[in-house]
Amino acid sequence: MEQYNEVLNKEEAQKCIKDGINLATELVAPTLGVKASKVFIDEEYGGFEASDDGITILNKIKVKDPKLQLGVKILKEASSKTNDREGDGTTTTAIIANELVNQVIKDKEELMDFSKHSGMDILKIKNGIKSGFQKVVDFINKNKVDITTDEQLIDVGRISSNSLEVGKMLAEMFKKLGKDASITTADSNSTETKYDIVEGMSFDRGWISYGFVTNPEKEETVIEGENGTNVLVTDYKIQNVEQLETLGNLFKSGVNDLLIIADDVSGIPLETLIFNRLRQTIRVVAVRAPGFGNQVDYLKDIAILVGAKFVSSSESINFKDVTKEHLGKAKKVVVNKEKTTIVGTEGNKEEIETRIKTLKNRLTEIESGYEKEKLNERISKLSGGVGVIKVGGATEPEVKDKKSKINDAVSAVKSALRDGVVAGGGITLLAASMELNDDIEGESILKKSIQKPFEQIALNSYLAADKMKNEVMSNKEIGYGYDVENNKWGNMFEMGIIDPAGVVKTALENAISIAVEVLECSGAITLVREEKSKEDNKQLE
């Protein structure tokens, strides 16, 4: 395989980027809304997947032309940022970004370049888009409402997953586990989907290196051994050969599945763990210890919960003395780049209860609001548990699709609890577009672009988008819109058609971000890979 670069000038680069973005958006746009369709994906190693999840589809697109792939990558980046922050809204990001790019990059005869437009004109467009963005955000913040009822929770989960059953299930789980609930999915042994709450916890630290990832599509590591997953909890920095030998002895003693929670893992130990993980001789992932300033307290909480001995100089345990007896146990560990979830912990219940009582007693002794908040957080993690949704289905593609929808719905509910909800179905952005000024160049571009999600939902439902858009824009009632599923007009809040405000704002922000980048593009360098011909190979011989 021979590699070389192809250099594109401004006109070529913008055209190729736009074409790549159009190609990807054309594929994902029909998946938006309650009457969305699915995209069938041919898997690399046999089988297929049927999905209507925007980021899942975008991650699978690999076109032969590297110039088009550049546009796909740029769109994927925007949607990925929305997914990382909100877990939902990836298709909306793509649709808005696509329209923005089409507005700022015209066809060849109209193409923006510095010979026709001064840098000041481009700056005016950027400033207009950014000022328009702030107007839209202000409109959303003014018209959002907080989640106050179980029905609202059900509606958010139902809209995101397109399933009333999932909406009800999530409402129950969040009511039991709280707004910061840790919820994960697993395969069911039957076609039925149900949930369970088990011992466990999650914390905001992800894998130290991408090399630990076992599921590249979701960028996560899942360890679920037959005899459970071992957990090492330490405040040591694992960074030298002697410490690596200690870990090696653990693996030699029969420890094949291991979560390492340490102050840090780096250097030769990190490289060796990743090398052996990639060779699939061991199943391992390393994460940094949670907590700022009170790291040891957090680590002690985790150690008690998983039934491990806290390996620390403060406990008079040297790292070189670590054996299997120092390890805790869990049924399953899920780690992405931002969070670690430990499911089915096997700590001593009496010790856990004693730890919780100690923390509650300490609450009465402190006055600092910040310290109380952190203590309550630790108590919640020790006592709350982890929700596990066991997803059932008749076929593997069906189960995979359901899992994706449920994970999106979990993120949507969390976002709604955090930042409230707005009228769904593209109505809020459509209404916000009326706040933008047609005489300001950037704002006029943004106005057309944020109307696209509503238009696409109407299109996907085989409805007349322009006629419906005029109906909404001529009505002054906030939240007035159309229930596509039940074919009626009314107040979207009252009809239970709501979206998390944070998802809408983040989708718009990330769409604008790449559109501005493309607007400023003055050229591109693409990587071209070509297989050598038989004649070339013979010459080399």
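Residues numbered from 1 in each chain as written. Predicted model: local features only at pLDDT ≥ 70, side-chain atom pairs only at ≥ 80, totals over all residues. Heavy atoms only, no water.

Participant: Please provide a residue-by-residue account of helix α9 (residues 267–278), values included.
Facilitator: Its twelve residues place the ends of α9 17 Å apart at the C-alpha level, agreeing with the 16 Å of an ideal helix rising 1.5 Å per residue. Listed as buried for α9 are Pro269, Leu270, Leu273, Ile274, Asn276 and Arg277. Projection of α9 onto a plane perpendicular to its axis shows the buried side chains occupying an angular sector of 165°, all on one side. Among the exposed residues of α9, those pointing more than 90 degrees away from its buried face are Glu271 and Leu278. Positive backbone phi, approximately 65°, marks Gln280, located one or two places after α9. (Helix = DSSP H or I, 4+ residues; strand = E, 2+ residues; numbered from the N terminus. Expected span 1.5 Å × (residues − 1). Buried < 20%, exposed > 50% of the residue type's maximum accessible area, 1.4 Å probe, protein only. Arc of directions from axis to C-beta.)

Participant: Just give me the short version of the packing of aromatic side chains, but keep the residues and values in it.
Facilitator: Describing an aromatic ring pair means giving the distance of the ring centres and the angle of the ring planes. In the structure shown here, the tally under the stated rule is five aromatic pairs. Residues Trp207 and Tyr210 carry aromatic rings whose centres are separated by 5.8 Å and whose planes lie at 85° to one another, so their mutual orientation is edge-to-face. Overall, the relative accessible area of 14% leaves Trp207 in the buried class. Relative to Trp489, the ring of Tyr480 lies with its centre 5.5 Å away and its plane at 10°, an arrangement referred to as stacked. (Phe/Tyr/Trp six-rings, centres within 6.5 Å; stacked < 30°, edge-to-face > 60°.)

Participant: Residues and numbers for the pattern of salt bridges, please.
Facilitator: Scanning the model with the defined rule gives 32 salt bridges in all. A salt bridge links Lys175 to Asp150; the nearest nitrogen and oxygen atoms lie 3.1 Å apart. Here Asp150 lies in helix α6 (residues 150–161) and Lys175 lies in helix α7 (residues 164–177), a separation of 25 residues in the sequence. Its relative accessible area of 61% is what places Lys175 among the exposed residues. A salt bridge links Asp301 to Arg355; its shortest N-O distance comes to 2.7 Å. Of this pair, Asp301 sits in helix α10 (residues 295–306) while Arg355 sits in helix α11 (residues 349–363), and the two are 54 residues apart along the sequence. Here Asp301 and Arg355 have matching classes, each one buried. (Salt bridge = Lys/Arg side-chain N within 4 Å of Asp/Glu carboxyl O.)

Participant: Outline the sheet that holds strand β5 (residues 194–198), supporting the account with residue identities and numerical values.
Facilitator: As summarised here, the arrangement of the three strands in space is β4-β15-β5, forming an open sheet in which the pairing is mixed. Unpaired on one side and paired on the other, β4 (183–187) and β5 mark the two borders of the sheet. Across the sheet, the mean angle from the axis of one strand to that of its neighbour is 30°, orientation sign disregarded. For β4 and strand β15 (residues 386–391), the ladder comprises five bridges, and the chain directions are parallel. Each bridged residue has a counterpart across the sheet, and for Thr184 the counterpart in β15 is Val388. Relative to the sheet, helix α13 (residues 396–419) contacts β4 and β15, its axis offset from that of β4 by approximately 175°. (Pairing = 2+ DSSP bridges. Axes fitted to C-alpha atoms, helices over the stretch in contact; angles between N-to-C directions. Contact = heavy atoms within 4.5 Å.)

Participant: Quick one: what's the story with the packing of helix α3 (residues 66–86) against helix α4 (residues 90–104), residue by residue and with numbers?
Facilitator: Following both chains from N to C, one finds α3 and α4 inclined at 140°, their axes separated by 8 Å at the closest point. Remark: the crossing between α3 and α4 carries right-handed chirality. Between α3 and α4, the contacting residues are Leu75, Ala78, Ser79, Thr82 and Asn83 on the first element and Thr90, Thr93, Ala94 and Ala97 on the second. Looking at the contact of α3 with α4 residue by residue, the class counts come to four nonpolar, five polar and no charged. (Left-handed = near helix turned anticlockwise from the far one by under 90°. Nonpolar A, V, L, I, M, F, W, Y, C, P; charged D, E, K, R; others polar.)

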